[in-house]
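# Residue-level structural notes
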Amino acid sequence: MQPPRRVDPHRLQRCGDIHICGYTRDKSRFKGFTYIDKPRPQGRGGGIAAIIRKEIKTTIIPIPDVSSFEHLIFKLSGPTPLVTAIIYRPPKPNPSFLSDLSDILTQLSAISPSVLLLGDFNIHVDDPTCKYASEFKETLHCCNFSQHINFPTHSRGHILDLVCSTGLTIHHLSSLNLHISDHLAIIMDINIPIPAQKQKRTITYRNLKSISPSAITASITCKMSVSPPPPPPHFLKTHLNFNPKRLFSTISKLLKPCDNATSSFTTEQCNSFLSFFQTKISNIYSNLTPSSAPPTSPPGSPPSPHSPCPTSPL
């Protein structure tokens, strides 16, 4: 990753997955990358741009412009989105810079707990006697941001290009002299979870308008082996035009009719049930008191109307 500089895009392409550079209009050179930029509204040239590999989904965050510095802010999608803000602060002092920066950092912290702030701030943070640098670092501290650069980033030995973050861990932070600018390129590694690409699904559907009623009738005639016969074509056509769901429900019932007939029982099963029932009645009679017991019939007398009779085979 590199702070904002006007560098050759061909050389930038060889440096990593995300690159930050000065503004250029020739986007055709960045094959395999997404190019986002924010040109300077006034004057000749200038502006901020970022080059990101196409497989990394990027969304620009529309933060209103401020007068004290230029900014380009975007979000990398993921389980925890990474909000990245690229800053360019002109060397000329502006009294509203610290308040503008504090307001933007507050907005970005509300979007995601992981925020990366970097760019050319033109502040000598390495000078302990610089009051403005002390106020700047205090602003970062109040917003819970850490400044990671501790080596010179300019040819004159000062720290002007900064990498600040919250909710992130920065690895292998170093500088690289490309010999095309008075600023050094800043290179780093950041471990962020990238969401896996969603697998594509193939969905098939039935085009009702392309169905031929006569073809359906012919298909049903071939597959059905029991009555009733298939409905005439005009019946299918009427249902097809006005109630396709009912049509296919009717066809399903014709092809797979429900068997509403009760299961048949064998003679042995019926006699077994009768024996169980007679035993149950005898047990109930035996448990009754003598006074409430029903009168018994003499031997050889016809059975009582309430006595169970043997069943005949079905």
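Scroll up to find the structure.
Residues numbered from 1 in each chain as written. Predicted model: local features only at pLDDT ≥ 70, side-chain atom pairs only at ≥ 80, totals over all residues. Heavy atoms only, no water.

## A short note on helix α3 (residues 131-142)
The end-to-end C-alpha distance of α3, which contains 12 residues, comes to 17 Å, matching closely the 16 Å that a straight helix rising 1.5 Å per residue would cover. All of the buried residues along α3 are Ala 133, Phe 136, Thr 139 and Leu 140. Projected down its long axis, α3 shows its buried positions confined to an angular sector of 115 degrees, all on one face. With respect to the buried face of α3, the exposed residues turned more than 90 degrees away are Lys 131, His 141 and Cys 142. Contacts from the buried residues of α3 go to α2 (97-111), β7 (114-120), β8 (146-147) and β9 (161-166). Two residues or fewer past α3, Asn 144 is found with a positive phi of approximately 65 degrees. (Helix = DSSP H or I, 4+ residues; strand = E, 2+ residues; numbered from the N terminus. Expected span 1.5 Å × (residues − 1). Buried < 20%, exposed > 50% of the residue type's maximum accessible area, 1.4 Å probe, protein only. Arc of directions from axis to C-beta. Contact = heavy atoms within 4.5 Å.)

## Looking at the sheet that holds β7
The strand order across the open sheet built from 6 strands is β4-β5-β6-β7-β9-β8, with neighbouring strands paired in mixed fashion. Pairing within the sheet leaves two strands with one partner each, and these edge strands are β4 (58-60) and β8. Where β8 and β9 come together, 2 bridges link them in antiparallel fashion. Counted as the bridge partner of Gln 147 is Cys 164 from β9. (Pairing = 2+ DSSP bridges.)

## Let's talk about the pattern of salt bridges
A complete count under the given rule lists 2 salt bridges for this structure. Note that Lys 38 is salt-bridged to Asp 65, the shortest N-O span being 2.4 Å. Taken together, the residues span a long stretch of sequence, with Lys 38 in strand β2 (residues 33-39) and Asp 65 in the loop between β4 and β5 (70-76) at a distance of 27 residues. Residues Arg 40 and Glu 70 are paired through a salt bridge, measuring 2.5 Å at the closest nitrogen-oxygen approach. Placement of the pair is Arg 40 in the loop between β2 and β3 (47-53) and Glu 70 in strand β5, with a sequence separation of 30 residues. (Salt bridge = Lys/Arg side-chain N within 4 Å of Asp/Glu carboxyl O.)

## Considering the nonpolar core
Counting residues in hydrophobic clusters, the biggest one holds 47 residues, and the most contacted among them are Leu 117 and Phe 136. Elements represented by at least two residues in this core include exactly β3, β5, β6 (82-88), α2, β7, α3, β9 and β11 (185-190). Beyond its immediate stretch of four places on either side in the chain, Leu 117 contacts Ala 85, Ile 87, Leu 101, Leu 105, Leu 140, Phe 145, Leu 162, Val 163 and Cys 164. (Core = buried A, V, L, I, M, F, W, Y, C linked by side-chain atoms within 4.5 Å.)

## Things to note about the packing of aromatic side chains
For the coordinates displayed, the defined rule picks out 5 aromatic pairs. Centroid distance Phe 273 to Phe 277: 6.5 Å. Interplanar angle 25 degrees. Geometry classified as stacked. Of this pair, Phe 273 and Phe 277 both sit in helix α7 (residues 267-286), 4 residues apart, which is roughly one turn of that helix. Site record: aromatic cluster; members linked through ring pairs are Phe 69, Phe 97, Phe 121, Tyr 132 and Phe 136. Stacked on the ring of Phe 97, the Lys or Arg Arg 89 has its end atom at 5.2 Å from the ring centre. (Phe/Tyr/Trp six-rings, centres within 6.5 Å; stacked < 30°, edge-to-face > 60°. Lys NZ or Arg CZ within 6 Å of the ring centre and 35° of its normal.)

## Structural notes on the pairing of β9
Within β9, 6 of the 6 residues are buried, leaving the element largely enclosed by the surrounding structure. Note that β7 and β9 share 6 bridges and pair antiparallel. Bridging from a neighbouring strand, Leu 116 pairs with Ser 165 of β9.

## Looking at unusual backbone geometry
Positive phi is not limited to glycine here, since Asn 144 has a value of about 65 degrees. Within the secondary structure layout, Asn 144 lies in the loop between α3 and β8. On the accessibility criterion, Asn 144 (56% relative accessible area) is exposed. One non-glycine residue with positive phi stands out, namely His 172, at about 50 degrees. Note on placement: His 172 falls in strand β10 (residues 170-176). On the basis of relative accessibility, which here comes to 61%, the residue His 172 falls in the exposed class.

## Looking at the side chain of Thr 166
For Thr 166, the position within the fold is in strand β9. Thr 166 sits in the buried class, given a relative accessible area of 12%. There is a polar contact of 3.0 Å between the side chain of Thr 166 and the backbone oxygen of Asn 144. Those residues in contact with Thr 166 that lie beyond four places of it in its chain are Pro 113, Ser 114, Val 115, Asn 144 and Phe 145. (Polar contact = N/O pair within 3.5 Å; in protein donor to acceptor, adjacent residues only side chain to side chain.)

## Remarks on the pairing of β3
The buried count for β3 comes to 6 of 7 residues, which makes it a mostly enclosed element. Of the pairings in the sheet, the one linking β2 to β3 comprises 7 bridges and is antiparallel in character. Bridge pairing in β3 places Lys 38 opposite Ile 48.

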